[in-house]
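# Analysis of the macromolecular model
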Amino acid sequence: MDTTIAYETEDERWAAVQARDAAADGHFVYAVRTTGVYCRPGSTARCPKRENVEFFDSAEEAEAAGYRPSRRIHDGEAGAAAERAALAARACRLIEASETPPSLEDLAAEIGMSPFHFHRLFKAETGLTPKAYSSAHRARRLREELNASKASVTDAIYGAGFNSSSRFYEASGQLLGMPARDYRAGGAGAVIRFAVGQCSLGAILVAQSQRGICAILLGDDPDALVRDLQDQLPKAEFIGGDSEFEQLVAEVVGFIEAPSIGLRLPLDVQGTAFQERVWRVLREIPPGTTATYSEIAARIGSPKAVRAVARACATNHIAVAVPCHRVVRRDGNLAGYRWGVDRKRELLNREAQETVL
């Protein structure tokens, strides 16, 4: 039976204020008409009279209604944010130290929270669910083992935390996009279909693995794009696109020309846990809008990792579908773009025009 409080009714919210329920923080704020300030439900401020209280879903709504934050909001938010970050970091270390992926219930118990609230906190702070973070961490460990270890693939599998080879092979396609031996051999055995064409932004290369689109590259020199693709997996088998693949390329080109139509093709996005967190947030930025590097860092729960976010954008190899072109500097100016600032400017102008239309 689910006993989670949703804090949707005024009675539930008033009960939370009376109990100074910190679990309600983030669900709503309450404002006091006689003082003109608003507070978090878990605030230690003196409890006001019910007739003087009104509720808002967010601090922004309270401020729009003319209320100002209480001093405890400023002091408490910094402390609460630090506590949330510390809890999420502790959970990450628990996941990384576990031989096998811990269950949500076990993690929540270690942190001292209910599974529901822990899951929500972890995703808000890291941008990933605990399960997704665990999978990304295991994938990174496996890549490190395969790249660095001189031992057998079997040793690398156990070194990455798999307690049986059968469990690994069930998940290897999702973790690596290809068999482990092929990955270690620089993509030997992997089949990558690709084609080079032209679009309004110049040369374009589209590549597809067994799992989906693994590269959309833009540039001036088609040969350089092919070399870039081959450098990623030097021993993979590359096959030029046939007429069927040309139709897929045409769909990608159509998406490049009009990003607002979306791309209805599966993507094969492979990166570190941090990169995948950044790329996932990038895909949530709507066409016609932008976000700053610092805003992206905050959204993934790592507000100080602005430079790391910029590096993740620079290493993205699926142009436009993973829209790193929508990330700008704090002053609104365009920063570097893997495929050239002029292309970034053109993409943003194009999306802005589509939004207006």
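You'll find the structure just up there.
Below or above, wherever it landed, is the structure these notes cover. If you're wondering where the values come from, they're calculated on a predicted model, not measured in any experiment.

Cut-offs applied
Residues numbered from 1 in each chain as written. Predicted model: local features only at pLDDT ≥ 70, side-chain atom pairs only at ≥ 80, totals over all residues. Heavy atoms only, no water. Phe/Tyr/Trp six-rings, centres within 6.5 Å; stacked < 30°, edge-to-face > 60°. Helix = DSSP H or I, 4+ residues; strand = E, 2+ residues; numbered from the N terminus. Buried < 20%, exposed > 50% of the residue type's maximum accessible area, 1.4 Å probe, protein only. Lys NZ or Arg CZ within 6 Å of the ring centre and 35° of its normal. Salt bridge = Lys/Arg side-chain N within 4 Å of Asp/Glu carboxyl O. Pairing = 2+ DSSP bridges. Axes fitted to C-alpha atoms, helices over the stretch in contact; angles between N-to-C directions. Contact = heavy atoms within 4.5 Å.

Turning next to the packing of aromatic side chains. By the definition in use, this model includes six aromatic pairs. A centroid spacing of 5.7 Å and a plane angle of 80° characterise the contact between Phe-28 and Phe-55, whose relative ring orientation is edge-to-face. Of the two residues, Phe-28 is situated in the loop between α1 (10–19) and β1 (29–32) and Phe-55 in strand β3 (residues 53–56); the sequence distance between them amounts to 27 residues. We classify Phe-55 as buried; its relative accessible area is 12%. Taken together, a centroid distance of 6.2 Å and an interplanar angle of 85° make the contact between Phe-194 and Phe-238 edge-to-face. Separated by 44 residues along the polypeptide, Phe-194 in strand β5 (residues 191–199) and Phe-238 in strand β8 (residues 237–240) bring together distant segments of the chain. Taking relative accessible area as the criterion, Phe-238 reaches 21% and is therefore assigned partly exposed. Of the aromatic side chains, those joined through ring pairs into one cluster are Tyr-7, Phe-28 and Phe-55. A cation over an aromatic ring shows up here: Arg-50 above the ring of Trp-14, its NZ or CZ 5.6 Å from the ring centre.

A separate point is the pattern of salt bridges. Counted according to the given criterion, the structure contains nine salt bridges. Note that Asp-57 and Arg-13 form a salt bridge whose closest N and O atoms lie 2.8 Å from each other. With Asp-57 in the loop between β3 and α2 (59–64) and Arg-13 in helix α1, the pair connects residues that are 44 residues apart, well separated along the chain. Asp-57 sits in the partly exposed class, given a relative accessible area of 45%. With its nearest N and O atoms 3.2 Å apart, the salt bridge here joins Arg-345 to Asp-342. You can see Arg-345 and its partner Asp-342 sitting in helix α15 (residues 341–356), three residues apart, about one turn around the helix. Take Arg-345: its relative accessible area is 39%, and that puts it in the partly exposed class. Each member of the salt-bridge network shares a partner with another, and the members are Glu-257, Glu-346 and Arg-350.

A few words on the sheet that holds strand β7 (residues 213–219). Read from one edge of the open sheet, four strands run β7-β6-β5-β8, paired in mixed fashion. In the strand order of this sheet, the two ends are held by β7 and β8, each with one partner. Sheet twist, expressed as the average angle between the axes of neighbouring strands with direction ignored, equals 25°. Each of β5, β6 (202–208), β7 and β8 touches helix α10 (residues 222–232); the most contacted strand, β6, lies at about 30° to it. Lying over the sheet, helix α11 (residues 243–257) contacts β5, β6 and β7, oriented at roughly 125° with respect to β6.

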